[in-house]
Amino acid sequence: MKKTIILLNTIFLLAVIGCKKSTDGNKNIIKTDSSVSAVSDQNGKIDSASASSSIIDVNGKRIEKTDFVYKATDGSLVKVVFKNDPKESTVAITSNKKTFTLPKEETKDGETVYKKDDMTARVKGDSLHLEQGNNVIELVRTKI
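Just so it is clear, the structure is predicted and the values come from calculations on it, not from any experiment.

Caption draft 1: Fine view of the overall build of the protein chain. Scanning the protein chain from terminus to terminus reveals one helix and twelve strands. In sequence order, the secondary structure elements of the protein chain are arranged as α-β-β-β-β-β-β-β-β-β-β-β-β. For the protein chain, buried positions account for 24% of its 144 residues. Of the roughly 10,800 Å² that the protein chain leaves accessible, carbon and sulfur atoms contribute 53%.

Here is the structure:
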């Protein structure tokens with residue numbers, strides 16, 4: 001009986017020690033995430049309309065993603081993610097379970113233009129002007 005109790009205690013102790021999870025993770029990737037981003041406008045004021053922002057450091061290369069929610073004139077909501085990394089800057093626009101990713105083409109006079117094929121997105125301040133062929137959609141950044 002004593003041997004059984006000692007054996008069960010040993011198995012329990014080994015299970016507790018063996019199931020300890022490591023929280024160290026991959027040392028080459030550092031991720032900081034915040035639910036509130038501090039994006040400032042041209043006057044230096046903090047913009048509170050942003051939904052979330054994250055900065056990922058991979059082997060010394062900084063990748064920044066900022067998510068916003070925009071509202072179209074018809075009332076539909078669109079998720080817009082701006083991604084800046086050392087290789088390229090992109091905007092990903094998600095609506096109706098479809099995502100369009102456009103690379104940054106130019107920035108001029110406070111307006112940033114993203115373009116791919118026949119789709120163009122012009123971002124200036126809180127507005128996003130989306131063109132695809134003859135279709136034009138006006139979006140405005142909103143708070144949820």
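Still to come is the rest of the account.
Caption draft 2: Focus on the pattern of salt bridges. Evaluation of the coordinates by the stated rule reveals five salt bridges. The residue Glu-131 makes a salt bridge to Arg-122 at a minimum N-O spacing of 3.6 Å. Since its relative accessible area comes to 21%, Glu-131 is described here as partly exposed. Given the relative accessible area of 29%, Arg-122 is considered partly exposed. When salt bridges that share partners are traced, they join Glu-111, Arg-122 and Glu-131 into one network.

Caption draft 3: Representation of the environment of Ser-95. Secondary-structure assignment places Ser-95 in strand β7 (residues 89-95). Sequence spacing of Ser-95 and Ser-76 is 19 residues, and the spatial spacing of their C-alpha atoms is 8.6 Å. Setting aside its immediate chain neighbours within four residues, Ser-95 contacts Leu-77 and Val-78.

Caption draft 4: The arrangement of the layout of surface pockets in detail. When its volume is computed, the second largest pocket comes out at roughly 380 Å³. What lines the second largest pocket is a set of 19 residues, among which Val-78, Ser-95, Asn-96, Leu-130 and Ile-137 lie closest to the centre. Of the residues belonging to the lining of the second largest pocket, the class tally is eight nonpolar, seven polar and four charged.

Here is what the cut-offs are and how they apply
Residues numbered from 1 in each chain as written. Predicted model: local features only at pLDDT ≥ 70, side-chain atom pairs only at ≥ 80, totals over all residues. Heavy atoms only, no water. Helix = DSSP H or I, 4+ residues; strand = E, 2+ residues; numbered from the N terminus. Buried < 20%, exposed > 50% of the residue type's maximum accessible area, 1.4 Å probe, protein only. Areas by Shrake-Rupley, 256 points an atom, 1.4 Å probe, with all protein chains shown as cover. Salt bridge = Lys/Arg side-chain N within 4 Å of Asp/Glu carboxyl O. Contact = heavy atoms within 4.5 Å. 1 Å grid on protein atoms, 1.4 Å probe; cavity = no way out; pocket = protein on both sides within 12 Å on 5 of 7 lines; lining within 4 Å. Points joined across faces, edges and corners; volume = space filled by probe spheres on them. Nonpolar A, V, L, I, M, F, W, Y, C, P; charged D, E, K, R; others polar.

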